[in-house]
Structure formats: C-alpha cells, structure tokens
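Commentary on secondary and tertiary structure
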Amino acid sequence: MGMSAVRRLGSVLGYGLFVAVVLAAMLRLLFPGEAVRHSFEAMLGRVWPELHWQVGGVALELPAHLTFRPIEGYANREDRTPLVRFERLSIQPHLLDSLRSWSGQVGFRLVAGKGSVAGTAQWQGGSEGGRIEGAIQDVSLTEFPWLSRQLGRSVQGTVAGTFTAEVRPTPPAVAALEARISVANGQLGLQRPILGHRELPFARASVVVHGQGETLTLEQGLLASNLLDSRFAGTVILGRDPVLWQIDVHGVAEPKEGFFKGLDNTVNLQAFRLQLKDHALPFSITGGLVNPGIHYGEYAMLVQTLEQELR
C-alpha cells in the first residue's frame, strides 16, 4: 500500500471517528431526559400506586445504556423520608438476541444499598406479555421501610435468590412465578408474643415459591433460629397490597433451649418439654398476613396455659 493510500485511509478513519464523536455528542444533547424521567415516574405510579415516586435523573450512556438514579418512593408528596429506595436502575438492550427471537430483550440491574437484582427481560408485545428472569443478591430489607410499615412489625434480613416470572399487560401482571428465596441474619417482629418472645430472630430462612395468578404456593420452607428450627409449606393469596394478603401455612418446629428462656420451671413446662422430647411442635398460621392466627395443634391448650403463667 502506497503512502497516498495510507494517507487516504487515515483521512477516512479520522473523518469517520469525528462523525461518530459528533453524533454521540448530539445524541447526548438531544436525549429527552426529562420526558423519559417523567414517563418512568408515571409508570412506577401505575405499578405501585400506594407510593409517590421520584426519580433523581436519567442518563443515556453509549452505546445504548439507560440509567435512572436514584429511584425513591414516598408515602406522599410532603413526606421526604423514602419508604423504598434504589440507588440506580440500568437497562441495556440486547439487540442481537432481539433480532434472533423477534422480541424485545433487555438486560437490567437494579441496585439497592449494597445489594442488587439483575437479569434479563423479554417482551413479545401486544397481549402476549413477556418473561423476566434474574437473581437477587444481598438486598437488605432495611432499604424498604415500606414493608415494615405495611405489616405493622419490624422486618430485617438480607435477601438472595433466583426467579423467573411470566408477565402480562393486563391484571394479574405476574401470570406465573418460580422462585427460590433465602433470607439471612433476619428478624421478624411478632404481633402476638410467643411464650414471651416479641421477635423471632433467625440465622437463615428459605423457601421455594410457585406462583399462578394471585396464588403463591410455598414449598420446602426452612427456618433456623436460636429459638427453634422449623419446616413449613402453604399458600399465600395476594391482594392489592400486603395488608390484604391471606396466608395459610402449616409446619412443625423443634424448639431449642432459648425458646423456653424466661419461663419458670413449672409442672406445665416440664410436661411440655417432656412431650416435645420425641415429637416436633406442629403449628399453623392462618388469616391476614398483617395479623394472622397461630395454632399449635394438640399442644394448643398447653401453650395457652404457659402463656397465662407468664402474665
């Protein structure tokens, strides 16, 4: 290749690079950030109408990376304490996959505190809906005071897991769900104390969830606590918000020494511990999720007697 050809190629490359830089700058300058931000806030309001949503800003990062940050949900316009907060949401189109499957596909990453939810979303368009799948990693429930506020009790823990959801443009938005969820280093406040315990601390809880419409089926539930170990399964009927959810969970628990802490060593306690030596404690939790009823099967009268002794 002669020097003239080299100079000509250099000029073409240089001109192409200049055009690319100018186009990139124009794209950034002309990007309708405010319009996109307001549209996204409106969409959040439709999906989660109980909260007033505010998005701090939106940016387009080349080649095609859309970022919203931060995303905050408030009880109302006047309250400045966020009940839900995400540091950022990043969305990136998967162009080649979209062309291959004739559907819109994007990757997403939602950051909350030190945790994240990341995965892919595929949309067929029209009434066919789409599919979302991803993984949850180290998401702290303290980032969502809304949950404790709705349930009327403290909820703590770090969530991890995987999920796949079939979504539809009409209610119910989630037509089907498969998930494996675990919560580590958690604590659940109890509306009704159990043998004097007002909180249930646990090292780990896990469950497999199968969802169909508004019904969630819980399987392989496990909870490990310094108070007790338990196995459980059941169903949850969803409502517009957790206040309306209905729960029907059954299982067995194996109390540990900490479960009896604070109880006097009465005849009733001795009888209770003797019966549990070779048997697990059955339990059922039914009713509204906010304030369900708890029953202990054939041990119900004995537990009630111990509760009375604490008063």
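Above this text you will find the structure in question.
Report on the accompanying structure. Predicted, not measured: the structure shown is a model, and the values here were computed from it.

Overview of the packing of aromatic side chains
- All chains considered together, the criterion is met by 7 aromatic pairs.
- Here Trp48 and Trp146 contribute two aromatic rings whose centre-to-centre distance is 4.9 Å and whose plane-to-plane angle is 80 degrees, an arrangement assigned as edge-to-face. Of this pair, Trp48 sits in the loop between α2 (33-47) and β1 (52-61) while Trp146 sits in helix α4 (residues 145-151), placing them 98 residues apart in sequence.
- Consider the rings of Phe260 and Phe272, whose centres lie 6.1 Å apart with planes at 75 degrees: the pair is edge-to-face. With Phe260 in the loop between β13 (246-255) and α5 (267-276) and Phe272 in helix α5, the pair connects residues that are 12 residues apart, well separated along the chain.
- The buried category is assigned to Phe260, whose relative accessible area is 10%.
- Site record: aromatic cluster; members linked through ring pairs are Phe259, Phe260, Phe272 and Tyr299.
- Its guanidinium or amino end placed over the ring of Tyr74, Arg80 lies 4.1 Å from that ring's centre, counting from NZ or CZ.

Points about the nonpolar core
- Ranked by size, the top nonpolar core spans 58 residues in total, and within it Ile71, Phe259 and Phe272 carry the most contacts.
- The dominant element in this core, judged by the number of residues it contributes, is strand β10 (residues 197-212), at 5 residues.
- Among all residues touching Ile71, those that are not within four sequence positions of it are Phe40, Leu44, Trp53, Gln54, Val55, Val84, Arg85, Phe86 and Leu89.

A few points about the pairing of strand β2 (residues 65-74)
- Strand direction decides the pairing type here: β1 and β2, joined by 9 bridges, are antiparallel. Among the inter-strand pairings, Val58 is bridged to a residue of β2, identified as Phe68.
- As judged from the 3 bridges shared by β2 and strand β4 (residues 88-93), these two strands associate in the antiparallel manner. In the sheet register, Thr67 faces β4, and the bridge partner there is Ser90.
- Bridge count for β2 against strand β3 (residues 84-86) is 3 bridges, and the pairing is antiparallel. By the bridge assignment, Gly73 is partnered in β3 with Val84.

Regarding helix α6 (residues 300-310)
- All of the buried residues in α6 are Ala300, Leu302, Val303, Leu306 and Glu307. Seen from one end, α6 has its buried residues packed into an arc of 165 degrees, which puts them on one side.

Notes on unusual backbone geometry
- Unlike most non-glycine residues, Asn185 shows phi in positive territory, near 50 degrees.
- Along the chain, Asn185 falls in strand β9 (residues 174-194).
- Residue Asn185 is classed as exposed on the basis of its relative accessible area, which comes to 62%.
- Residue Leu195 is not a glycine yet carries a positive backbone phi of 50 degrees.
- You can see Leu195 is positioned in the loop between β9 and β10.
- Judged by its relative accessible area of 2%, Leu195 is buried.

A closer look at the environment of Val84
- As for its placement among the helices and strands, Val84 is situated in strand β3.
- Judged by relative accessible area, Val84 falls into the buried class, the value being 0%.
- The contacts of Val84, once residues within four sequence positions are left out, are Trp48, Leu51, Trp53, Ile71, Glu72, Gly73, Glu143, Phe144 and Trp146.

Notes on the pattern of salt bridges
- Scanning all chains against the criterion turns up 8 salt bridges.
- With its nearest N and O atoms 3.4 Å apart, the salt bridge here joins Glu133 to Arg131.
- Residue Glu133 is classed as partly exposed on the basis of its relative accessible area of 34%.
- Given a relative accessible area of 33%, Arg131 falls into the partly exposed group.
- Note that Lys256 is salt-bridged to Asp229, the shortest N-O span being 3.3 Å. One end of the pair, Lys256, is in the loop between β13 and α5; the other, Asp229, is in strand β12 (residues 228-237), with 27 residues separating them in the sequence.
- Here the residues in one salt-bridge network are Glu72, Arg85 and Glu87, joined through shared partners.

Re the environment of Glu50
- Residue placement: Glu50 occurs in the loop between α2 and β1.
- C-alpha separation for the pair Glu50 and Tyr74, spaced 24 residues apart in sequence, amounts to 8.8 Å.
- The contact partners of Glu50, leaving out residues within four places of it in the chain, are Ala75, Arg240 and Asp241.

Rules used in this analysis
- Residues numbered from 1 in each chain as written.
- Predicted model: local features only at pLDDT ≥ 70, side-chain atom pairs only at ≥ 80, totals over all residues.
- Heavy atoms only, no water.
- Phe/Tyr/Trp six-rings, centres within 6.5 Å; stacked < 30°, edge-to-face > 60°.
- Helix = DSSP H or I, 4+ residues; strand = E, 2+ residues; numbered from the N terminus.
- Buried < 20%, exposed > 50% of the residue type's maximum accessible area, 1.4 Å probe, protein only.
- Lys NZ or Arg CZ within 6 Å of the ring centre and 35° of its normal.
- Core = buried A, V, L, I, M, F, W, Y, C linked by side-chain atoms within 4.5 Å.
- Contact = heavy atoms within 4.5 Å.
- Pairing = 2+ DSSP bridges.
- Arc of directions from axis to C-beta.
- Salt bridge = Lys/Arg side-chain N within 4 Å of Asp/Glu carboxyl O.

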